[in-house]
Amino acid sequence: MTTNLRISLAVLSAGFAIEGAGEAYSLLSTGALLPGTSIVFLLSAAVTAVGLLFLFLGRHEWNELHRSRARRTNQIFVLSLLGGFVAAAEVAYLYLNPSIGTPLWAEVVFGAALGSLVFGTFATYAYLVFHLVRNPSKAVLVASAVWALAVSAYIGRDLAVALPTIMALVSARSLTIEGLVGPVDYLASYLFVSYFLLFAAYLDAHAVVAKGPPASAPAPAPSGPERGPTP
């Protein structure tokens, strides 16, 4: 359980470092959008997909425990992507039925779907290596997920409120990634905390995987006096 797993950890760690630095810069710049925001916005999902791809390619290397964890990790990631599909389907439905407007239920569903998309990626990252890291890093992973959950809730709330504006942009056929991310760009910058916490935990996972599985303990010596062959 080494080569592909270590590649996966390296890819994801690099993604955390890049995303964390980008979000920290955005926060210090008071939420200013970076050049090429469309690429930055999609980087997290792309890096996750590449990391999970290496896990899939190296599935023959896994022991049973890691095989089970990786399978559930893929399921969590797919469920998080489902939130994005729900939000996109809702926007398409409201666009095709303009008489509905943007009722409260639509705002709630839209915000919850995109909030779950954001949080789901962090839940994916934390669950993947939770069994590989040592206890202090387990606490770091939990802190990362809790912080991401709080930020995701605020992001979902602001996107829900922004749904009428987003629908107006869709109707004018002028919606862009920048237009979608703009209302929550400053809030999303606070995710740099989760990214850096994940980076620290994944460094520990690298060390644990590089060390390899613990050596098997020697079989205990038989207790009591040895008995000779029965005549």
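If you're wondering where the values come from, they're calculated on a predicted model, not measured in any experiment.

Taken as a whole, this structure holds 2 salt bridges when the rule is applied. Across the salt bridge formed by aspartate 204 and arginine 134, the nearest N and O atoms sit 2.2 Å from each other. With a gap of 70 residues between them, aspartate 204 in helix α9 (residues 192-211) and arginine 134 in the loop between α4 (104-129) and α5 (135-161) connect regions that are remote in the sequence. The partner of aspartate 158 in a salt bridge is arginine 157, with the nearest N and O atoms 2.9 Å apart. A relative accessible area of 22% means that aspartate 158 is categorised as partly exposed.

Turning our attention to the confidence of the model for the protein. Confidence in the prediction for the protein averages 79 pLDDT; 74% of positions are at 70 or higher. Note on residues 33-38: pLDDT is under 50 here. Beyond four places in sequence and across chains, it has 7 contacts. Between residues 214-221, whose pLDDT stays under 50, and residues either more than four places distant or in other chains, the model counts 0 contacts.

A word on the packing of aromatic side chains. Scanning the entire structure with this criterion turns up 6 aromatic pairs. Relative to tyrosine 125, the ring of phenylalanine 16 lies with its centre 4.7 Å away and its plane at 75°, an arrangement referred to as edge-to-face. Highlighted residues: phenylalanine 16 in helix α1 (residues 3-28) and tyrosine 125 in helix α4, separated in sequence by 109 residues. Neither residue differs from the other here; phenylalanine 16 and tyrosine 125 are each classed as buried. Their ring planes at 85° and their centres at 4.9 Å tell us that phenylalanine 16 and tyrosine 202 sit as a pair that is edge-to-face. Here phenylalanine 16, found in helix α1, pairs with tyrosine 202, found in helix α9; they are 186 residues apart in sequence, far enough to count as distant. Per residue, the accessibility class of phenylalanine 16 equals that of tyrosine 202, and both read buried. Grouping aromatic residues by their ring pairs yields a cluster made of Phe16, Phe122, Tyr125, Tyr195 and Tyr202. A cation sits over an aromatic face here: lysine 138 above phenylalanine 130, 5.3 Å from the ring centre.

Right, let's talk about the nonpolar core for a bit. Proteins that are soluble and globular tend to have nonpolar side chains buried together. Counting residues in hydrophobic clusters, the biggest one holds 39 residues, and the most contacted among them are Phe110, Val129, Ile155 and Tyr202. The biggest single contributor to this core is α4, with 9 residues. Beyond its immediate sequence surroundings of up to four residues, tyrosine 202 is in contact with Leu9, Leu12, Ser13, Phe16, Tyr125, Leu128 and Val129.

In this fold, valine 86 is placed in helix α3 (residues 64-96). We classify valine 86 as partly exposed; its relative accessible area is 35%. Sequence separation of valine 86 and leucine 114 is 28 residues, and the distance between their C-alpha atoms is 8.4 Å. Excluding residues within four positions of it along the chain, valine 86 makes contact with Val109 and Ala113.

Reading the values: rules and limits
- Residues numbered from 1 in each chain as written.
- Predicted model: local features only at pLDDT ≥ 70, side-chain atom pairs only at ≥ 80, totals over all residues.
- Heavy atoms only, no water.
- Salt bridge = Lys/Arg side-chain N within 4 Å of Asp/Glu carboxyl O.
- Helix = DSSP H or I, 4+ residues; strand = E, 2+ residues; numbered from the N terminus.
- Buried < 20%, exposed > 50% of the residue type's maximum accessible area, 1.4 Å probe, protein only.
- pLDDT = per-residue confidence, 0-100.
- Contact = heavy atoms within 4.5 Å.
- Phe/Tyr/Trp six-rings, centres within 6.5 Å; stacked < 30°, edge-to-face > 60°.
- Lys NZ or Arg CZ within 6 Å of the ring centre and 35° of its normal.
- Core = buried A, V, L, I, M, F, W, Y, C linked by side-chain atoms within 4.5 Å.

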